[in-house]
Amino acid sequence: MANVISDETMEYVGILAKLELTGEEKENARKDLEKMLDYVDKLNELDVSGVEPMSHIFPVNNVFREDEVTNGDGSKDTMANAPAQKDNQFIVPKTIG
Amino acid sequence: MAKEYETVIGLEVHVELATKTKIFCGCSTAFGGAPNTHTCPVCTGMPGSLPVLNKKVLEYAVAVGLATNCDITRYSKFDRKNYFYPDNPQNYQISQLYLPICRNGHVDIDTAGGKKQIRIHEIHMEEDAGKLIHDEWNDTSLVDYNRSGVPLIEIVSEPDMRSADEVIAYLEKLRMTIQYLGASDCKLNEGSMRADVNLSVREVGSQKLGTRTEMKNINSFKAIQHAIEGERQRQIEELEEGREVIQETRRWDDNKESSRPMRSKEDAQDYRYFPDPDLTPIVISDEFLAKIKSQEPEMQDAKIARYQKEFDLPEYDAQIITSVKKMADFFEDTVALGANPKKVSNWLMGETMRLQKEKGMDQDQIPFSPENLASLIALTEDGSINSSVAKEVFEQVFADDVDPKQYVEEHGLKSMNDEGALRGIVEEKIAANPKAVEDYRGGKKKAIGAIVGQVMKETKGKADPGTVNKLIKEILG
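Residues numbered from 1 in each chain as written. Chains lettered and ligands numbered in written order. Predicted model: local features only at pLDDT ≥ 70, side-chain atom pairs only at ≥ 80, totals over all residues.

Draft legend 1. Representation of the overall build of chain B within the structure. Across its full length, chain B holds 15 helices and 17 strands. Taken over C-alpha atoms, the radius of gyration comes to 30 Å for chain B, far larger than the 23 Å a tight globule of 477 residues would show. For chain B, the proportion of its 477 residues judged to be buried stands at 39%. The contacts of chain B with a sequence gap of at least 6 include a subset with a gap of at least 24, amounting to 68%. (Helix = DSSP H or I, 4+ residues; strand = E, 2+ residues; numbered from the N terminus. Rg over C-alpha atoms; globule rule 2.2 N^0.38 Å. Buried ≥ 20, exposed ≤ 12 C-beta atoms within 10 Å, placed from the backbone. Contact = placed C-beta atoms within 7 Å.)

Spelled out as structure tokens, the structure:
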């Protein structure tokens, strides 16, 4: 158990993940994350020089589609998921870029 | 003594590709659809949906990379960029961080001090976000996902530019290149080309880069010029007053002519990029590269040289005509119909551009056919109509793409250059203007202008002025 995650890091990761954790949840998450980092340390012991990083788990490349319109008006299905809507648009809290 | 500062600028240019469908699904990219009509489970980030790359996006990205002297990455892939924002329904944007499709390119620009090379760090493919509209009345925002998943390429330059002029020259070069490739129409005002400006200042002679800020939301060349000058000044004032420049993203407000902080810049690690497991890697073969290369059209510089050589066009004309790809295509189509190249160029640079400007149209909007312009030129060359009538007819060609030959006949605009028919009118006007005749005979050669004018008026502008002049001189001896 070499890795120790600080309170600040826990807070920051929570903000990035948009999670609000209770004290107990936070402690459990901290333990889990520390174990993960320990495991990464373990993996780092392996000599992987000369091994290309894996970018996909299947040996499949170049799956493409042609540039042809295949979808029609999808607004009904899309808007079916809206908790609140106006003029066929999702209503969200005020957001300014 | 006042310190001298140098501005260091790098650009991130987003270009919306001219595909019919989105980057990872078969939804239309057409503008103007009712909100959320061009959406599906893929572009609204529904769990379990499967994105598949649009082949045309890859072809356009590689074509732009080749035209900007980039190395094409033979093994490329997509990554997820994680952030929460309502215009991004997946909570991540599919982009390329680790293995972008193009790297290490450059373009040459013309500057006051001669040619200059601007290096391109990389070009990557990614998807656009949805559109947020602020609802003032209810103090909420509304989201339309029609733009979500529209394909973009982001062209990232090295910090090689030193002034607003160089930035504009670079953007013009990119725009021209991409327009010629047909990969995008690159309209800044419509958002199909968007530039984020990374700017820092440093003392002249310093090798170290200063802290940079990024400015977004700049949608015209004029705004870019103002934003660069304004931000340079702001940063210099910070430094002069002993403060530090803070690395942040600023939003340019063209109405207020100032920028304000938008958000402090996230570090790349905050985006927690990782390879997208839904999309397979892309392997570029020699055949694929050769095919894209073979499809590369003749670019502007080559056209300018060819127009001078093949059509004997002045360099100035060739530059103007080729500055808009559609104008160049139109020119070539008209010349191919047998029209005199210089005449075609004159009509395009003169009346066409004048009317486009007058009607607030873009230069790529040419509302008539090459056939009708060629036909109008033929009518002027064989003397069927004179130049003032030609301008009048052209306005009709521009407005309604009328057939000039038919129009001239229907409206009786054919030139009267039949000497027999004109002689009577000329004699009549000479008799009616003894003063002008006296002056002419007294040595004032210009006096016959009055008689010519009256003949033109009588014939409603159809008389050939040359023939009228000749007849008057003949009769007066």
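Draft legend 2. Examining the overall build of chain A more closely. When its secondary structure is counted, chain A shows 3 helices and 3 strands. Counting from the amino terminus, chain A carries its helices and strands in the arrangement α-α-β-α-β-β. Its C-alpha atoms give chain A a radius of gyration of 22 Å, more than 25% over the compact-globule value 13 Å for 97 residues. For chain A, the C-alpha atoms occupy an extent of roughly 55 × 45 × 25 Å along the three principal directions. By residue count, 6% of the 97 residues in chain A fall in the buried class.

Draft legend 3. Representation of helix 7 (residues 325-336) of chain B in the model. Residue and element names in this part refer to chain B. Spanning 12 residues, helix 7 covers 17 Å between terminal C-alpha atoms, matching the ideal 16 Å at 1.5 Å per step. Among the residues making up helix 7, those that are buried are Lys325, Met327, Ala328, Phe330, Phe331, Thr334 and Val335. Where helix 7 is buried, its residues meet helix 2 (164-181), helix 5 (300-311), helix 6 (315-322), helix 8 (341-358) and helix 9 (370-381). Positive phi shows up at Gly338, right after helix 7, with a value of about 100 degrees. (Expected span 1.5 Å × (residues − 1).)

Draft legend 4. Spotlight on the sheet that holds strand 16 (residues 274-275) of chain B. Residue and element names in this part refer to chain B. Pairing is antiparallel in the open sheet, where 3 strands are placed in the order 6-5-16. The open sheet is flanked by strand 6 (92-95) and strand 16, the only strands paired with a single partner. Relative to strand 16, strand 5 (residues 79-82) is paired through 2 bridges, and the arrangement is antiparallel. Residue pairing for strand 16: Arg80 is matched across the bridge by Phe274. (Pairing = 2+ DSSP bridges.)

Draft legend 5. Examining the interface of chain A and chain B more closely. Between chain A and chain B, the residue contacts involve 33 residues of the former and 39 residues of the latter. Elements represented by at least two residues in the side of chain A that touches chain B include exactly strand 1 (64-65), helix 3 (75-79) and strand 3 (89-93) of chain A. For the side of chain A that touches chain B, the class distribution of residues is 11 nonpolar, 13 polar and 9 charged. The pairing of strand 1 of chain A with strand 2 (residues 53-54) of chain B spans 2 bridges and is classified as parallel. Directly across from A:Phe64, in strand 2 of chain B, lies its bridge partner B:Leu53. (Nonpolar A, V, L, I, M, F, W, Y, C, P; charged D, E, K, R; others polar.)

Draft legend 6. How the structure looks around the environment of B:Ile430. Residue and element names in this part refer to chain B. Structurally, the position occupied by Ile430 is in helix 12 (residues 419-431). Placed 27 residues apart in sequence, Ile430 and Asp403 show a C-alpha to C-alpha distance of 37 Å. Discounting chain neighbours no more than four positions away, the residues touching Ile430 are Val437, Ile451, Ile472 and Ile475.

Draft legend 7. Seen up close, the confidence of the model for chain A. Across chain A, the average pLDDT comes to 90, with 97% of residues at or above 70. The least confident element of chain A, judged by mean pLDDT, is helix 1 (residues 7-16) of chain A at 88; the most confident is strand 1 of chain A at 97. (pLDDT = per-residue confidence, 0-100.)

Draft legend 8. Fine view of helix 1 (residues 55-67) of chain B. Residues and elements named next belong to chain B. If you check helix 1, its first and last C-alpha atoms are 19 Å apart, about what 13 residues at 1.5 Å a residue would give, namely 18 Å. The element helix 1 is largely enclosed, with a buried count of 11 among its 13 residues. For helix 1, every residue scored as buried is listed here: Lys56, Val57, Leu58, Glu59, Tyr60, Ala61, Val62, Ala63, Val64, Gly65 and Ala67. Where helix 1 ends, the next residue or the one after it, Asn69, has phi of about 60 degrees, a positive value.

Draft legend 9. A look at the domain arrangement of chain B. Along its sequence, chain B is carved into domain 1 (5-288), domain 2 (298-410) and domain 3 (419-476). Relative to domain 2 of chain B, the C-alpha centre of domain 1 of chain B lies at a distance of 36 Å. (Domains from an automatic or database assignment.)

Draft legend 10. Region of interest: the sheet that holds strand 2 (residues 85-86) of chain A. Spatial strand order, 2(A)-3(A)-10(B)-9(B): 4 strands in an open sheet with antiparallel pairing. Both edges of this open sheet fall to strand 2 of chain A together with strand 9 (131-135) of chain B, since each of them pairs with a single strand only. Bridging between strand 2 of chain A and strand 3 of chain A involves 2 bridges; their strand directions are antiparallel. Its bridge partner being in strand 3 of chain A, A:Gln85 is matched across the sheet by A:Phe90.

Draft legend 11. Layout of the packing of helix 7 of chain B against helix 9 of chain B. All names here are of chain B. Between helix 7 and helix 9, whose axes approach to 9 Å, the crossing angle comes to 55 degrees. Taken together, helix 7 and helix 9 sit at an angle that is classed as oblique. Seen along the crossing, helix 7 lies across helix 9 with a hand that is right-handed. Contact residues: Phe330, Asp333 and Thr334 in helix 7; Pro370, Leu373 and Ala374 in helix 9. The residue makeup of the contact of helix 7 with helix 9, split by class, is 4 nonpolar, 1 polar and 1 charged. (Axes fitted to C-alpha atoms, helices over the stretch in contact; angles between N-to-C directions. Parallel < 35°, antiparallel > 145°, perpendicular 65-115°, else oblique. Left-handed = near helix turned anticlockwise from the far one by under 90°.)

Draft legend 12. Geometry of the pairing of strand 11 (residues 151-157) of chain B. Residue and element names in this part refer to chain B. Burial within strand 11 is extensive, with 5 of its 7 residues counted as buried. Relative to strand 11, strand 1 (residues 5-16) runs antiparallel, the two sharing 5 bridges. Residue pairing for strand 11: His14 is matched across the bridge by Glu154. Here strand 8 (residues 114-127) runs beside strand 11; their pairing, made up of 7 bridges, is antiparallel. In the strand pairing of strand 11, Glu126 is matched with Leu152.

Draft legend 13. Region of the structure containing the confidence of the model for chain B. Per-residue confidence for chain B gives a mean pLDDT of 90, with 97% of residues at or over 70. This prediction of the complex comes with two scores: 0.83 for pTM and 0.88 for ipTM.

Draft legend 14. Fine view of the nonpolar core. Core analysis: the largest hydrophobic core is formed by 65 residues, its most contacted members being B:Val15, B:Ala61, B:Val64, B:Ile123, B:Ile153, B:Tyr170 and B:Val197. Contacts of B:Val197, omitting those with residues within four sequence positions, involve B:Ile9, B:Leu11, B:Met215, B:Ile218, B:Ile224, B:Ala227 and B:Ile228. (Core = buried A, V, L, I, M, F, W, Y, C linked by C-beta atoms within 7 Å.)

Draft legend 15. A look at the packing of helix 7 of chain B against helix 8 of chain B. Residue and element names in this part refer to chain B. Running from N to C, helix 7 and helix 8 point in directions that differ by 140 degrees, and their axes come no closer than 10 Å. Considering the angle they form, helix 7 stands oblique to helix 8. Relative to helix 8, helix 7 is oriented so that their crossing is right-handed. Of the residues in helix 8, those in contact with Met327, Phe331, Thr334 and Val335 of helix 7 are Pro341, Val344, Ser345 and Leu348.

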